[in-house]
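# Remarks on the overall topology
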Amino acid sequence: MQGASKYDEKLLRNYVPLYVMLPLGVITADNVFEGGEKLEKQLKDLRAVGIDGVMVDVWWGIIEAKGPKQYDWSAYRSLFKLVSECELKIQAIMSFHQCGGNIGDVVDIPIPQWVRDIGETDPDIFYTNRSGNRNKEYLSLGVDHLHLFGGRSAIEMYSDYMKSFRENMADFLEAGQIIDIEVGCGAAGELRYPSYPETQGWVFPGIGEFQCYDKYLKGEFKEAAKNAGHPEWELPDDAGTYNDRPDSTEFFKQNGTYLSEKGKFFLTWYSNKLLMHGDDILDEANKAFVGCKVKLATKVSGLHWWYKHHSHAAELTAGYYNLEDRDGYRPAARILSRHHAVMNFTCLEMRDLEQPAEAKSGPQELVQQVLSGAWREKIEVAGENALSRYDADGYNQILLNARPNGVKKWGPPELRMFGVTYLRLSDELFEEKNFKLFRTFVRKMHADQDYCPDPSKYGHELGPLERSRPQISIDDILDATKPIKPFPWNKQTDMPVDGAAQFDLLVSLINGIKSIFFK
């Protein structure tokens, strides 16, 4: 296959590898791989059109289901063997969250039952909103360092899980089949609070709710307020409910609580807790995989609704303290830089004009801000689409974000994403019309070059993972909140998927005219 490939060495430097996310339930909730011949054919078809690999959730709730430290990796080993035989690379997600309850979830895979059992007697291990509703899809970061789980803390459980993965997947790691470890840090595997759960009635474009009312985070906030000289400060009680609009709340309205001294203190504390949570888990991931030829990554959520409202309410409730005069994403990028990790960002396919005006969405500006901030912090950026798309507009927007200033014919472009993961493998993707356009999309992601099995040819040499650098001070992290001007973006991609189709249409029209006049 390698010998048959043809490519221009200079244009190849514009190549962006493309991965496809496997179905959520490719391993069943009771830890069985039922892929069989259908999945094998689909993987071979994907390989034939040139994709570079697949991404897959490796569910904590499946692997450690039987009890503490009782790991069963056999089904995933079978899956990885099939993927490797199909000559595809693997991006493995350490999925410490529940599947079910988020947009696009079609199967239910809860976190381990023995962990949930602890929550029966101590429900404060789960994120909690102001009304006292518990969210069981991910453990509260308030228990990160509390030994409530048979003598282990939440962070220690995540660490042990990742070490076991390395030990049990050593052959795939050493063979270079597993190239990316994405570390789950919250709901939906994203570094965020579960602020907009459909299971509790949230619907788009509700502002969501703060999730810090469990007794552990409540206690931490009270201690922080006391240390700041304000023992009287409490957690917000004026930020509305899941489906409110910003201007209907005292907290997010014009000149609302979020701009007061008390509001700023809370939002700084809330967002810093999330950053430290990500830092702690990534440090453990780095320890687990140091020396392996892999990239670490963490996903940041694309909360695009209310981005054009002065309060950025949906971002704030999720833990991204992002305002016009404060960057809520570059601090995360700075933390990722310490662990040599990639930032994976969502909603690459979305355009402003596709969103309802009332939601004041800004997906294009959000992507531009987040990617620019990460590049300013000298880290790599990957991304994915948030919702399934099979159309030219969606593909073209992803292509634009993958190379915001287009292809450079004489070498690497100034701006280029490290990789893109397409959501997701499905029967609909393989429908003839959809798959034909997807094939073109793969080709355009690769800058019109053939599949390249050697990442060093497009500047993606994968050396052994180095140990994390020393911890960054909170002052240095907050220094990254200073807003900076994003890099300029082209208006549209210079490699549209429908360019070829338009050319073919023109040729067919010309041939039709010729057939009329030159019979």
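Just so we're clear, the structure is a prediction, and the values are computed from it rather than from any experiment.

## Some details on the overall build of the chain
Secondary structure assignment for the chain yields 15 helices and 10 strands. The contacts of the chain with a sequence gap of at least 6 include a subset with a gap of at least 24, amounting to 79%. Carbon and sulfur atoms provide 51% of the accessible area of the chain, an area that totals close to 21300 Å². Side chains of the chain give 61 positive and 76 negative charges; the mean places of these two sets differ by 5 Å.

## Regarding the environment of His310
On the secondary structure map, His310 appears in the loop between strand S7 (295-300) and helix H9 (313-318). Separated by 188 residues in sequence, His310 and Asp498 place their C-alpha atoms 37 Å apart. Non-local contacts of His310, meaning those with residues more than four positions away in its chain, are made with Asp247, Phe252, Lys253, Gln254, Tyr258 and Leu323. At 3.4 Å, the side chain of His310 and the side chain of Gln254 are in polar contact. Of the polar contacts made by the side chain of His310, one reaches the side chain of Tyr258; its length is 2.7 Å.

## Re the environment of Met94
Among the structural elements, Met94 can be located in strand S3 (residues 89-95). Considered as a pair, Met94 and Val49 are 45 residues apart in the sequence and their alpha carbons are 28 Å apart. Beyond its immediate sequence surroundings of up to four residues, Met94 is in contact with Val58, Tyr161, Met162, Phe165, Ile181, Glu182, Val183 and Gly184.

## Some details on helix H12 (residues 392-402)
H12 sits mainly inside the fold: 10 of its 11 residues count as buried. Residues Ala392, Gly394, Tyr395, Asn396, Gln397, Ile398, Leu399, Leu400, Asn401 and Ala402 constitute the buried set of H12. At the N-terminal end of H12, a side-chain oxygen is found 3.3 Å from the backbone nitrogen of Asp393, two or three residues along, and the residue is Asp391.

## Brief notes about the packing of helix H8 (residues 261-289) against helix H10 (residues 330-338)
Between H8 and H10, whose axes approach to 10 Å, the crossing angle comes to 15°. It follows from the interaxial angle that H8 and H10 lie roughly parallel. With respect to the hand of their crossing, H8 and H10 are arranged in right-handed fashion. Contact residues: Leu275, Met276, Asp279, Leu282 and Asp283 in H8; Pro331, Ala332, Ile335, Leu336 and Arg338 in H10. Of the residues belonging to the contact of H8 with H10, the class tally is 7 nonpolar, no polar and 3 charged.

## Structural notes on the pattern of salt bridges
Summed over all chains, the structure comprises 37 salt bridges. Taking the shortest distance from any N to any O, the salt bridge between Glu120 and Lys136 comes out at 3.7 Å. Of this pair, Glu120 sits in helix H4 (residues 113-121) while Lys136 is found in strand S5 (residues 134-139), placing the two residues 16 residues apart along the sequence. On the basis of relative accessible area, Glu120 is assigned to the exposed category, the value being 58%. Lys136 gets classed as partly exposed once you look at its relative accessible area, which sits at 37%. In this structure, Arg351 engages Glu354 in a salt bridge whose closest nitrogen and oxygen atoms are separated by 3.0 Å. Judged by relative accessible area, Arg351 falls into the buried class, the value being 19%. The partly exposed category is assigned to Glu354, whose relative accessible area is 29%. Each of Arg330, Arg334, Glu377, Asp479 and Lys482 takes part in salt bridges that share partners, so that together they form one network.

## Digging into the pairing of strand S10 (residues 419-422)
Neither face of S10 is left uncovered, since the one carrying Gly419 and Thr421 and the one carrying Val420 and Tyr422 both have all their residues buried. In this structure, strand S1 (residues 18-21) lies alongside S10, joined through 3 bridges in parallel fashion. Opposite Leu18, over in S10, you have Val420 as the bridge partner. In this fold, strand S9 (residues 381-384) hands off to H12, which returns the chain to S10; that crossover is right-handed.

## What to know about the layout of surface pockets
The calculated volume of the second largest pocket comes to roughly 460 Å³. What lines the second largest pocket is a set of 32 residues, among which Tyr19, Lys89, Ile179, Pro455 and Leu462 lie closest to the centre. Listing elements by their share of the lining of the second largest pocket, those giving two or more residues are S3, helix H6 (170-174), strand S6 (178-183), S7, strand S8 (341-345), S9 and S10. Tallying contributions element by element places S6 first for the lining of the second largest pocket, with 3 residues. Class assignment of the residues belonging to the lining of the second largest pocket gives a composition of 15 nonpolar, 8 polar and 9 charged.

Cut-offs applied
Residues numbered from 1 in each chain as written. Predicted model: local features only at pLDDT ≥ 70, side-chain atom pairs only at ≥ 80, totals over all residues. Heavy atoms only, no water. Helix = DSSP H or I, 4+ residues; strand = E, 2+ residues; numbered from the N terminus. Contact = heavy atoms within 4.5 Å. Areas by Shrake-Rupley, 256 points an atom, 1.4 Å probe, with all protein chains shown as cover. Lys, Arg positive; Asp, Glu negative; His and termini not counted. Charge placed at Lys NZ, Arg CZ, Asp CG, Glu CD. Polar contact = N/O pair within 3.5 Å; in protein donor to acceptor, adjacent residues only side chain to side chain. Buried < 20%, exposed > 50% of the residue type's maximum accessible area, 1.4 Å probe, protein only. Axes fitted to C-alpha atoms, helices over the stretch in contact; angles between N-to-C directions. Parallel < 35°, antiparallel > 145°, perpendicular 65-115°, else oblique. Left-handed = near helix turned anticlockwise from the far one by under 90°. Nonpolar A, V, L, I, M, F, W, Y, C, P; charged D, E, K, R; others polar. Salt bridge = Lys/Arg side-chain N within 4 Å of Asp/Glu carboxyl O. Pairing = 2+ DSSP bridges. Right-handed = clockwise from strand over helix to strand, strands pointing away. 1 Å grid on protein atoms, 1.4 Å probe; cavity = no way out; pocket = protein on both sides within 12 Å on 5 of 7 lines; lining within 4 Å. Points joined across faces, edges and corners; volume = space filled by probe spheres on them.

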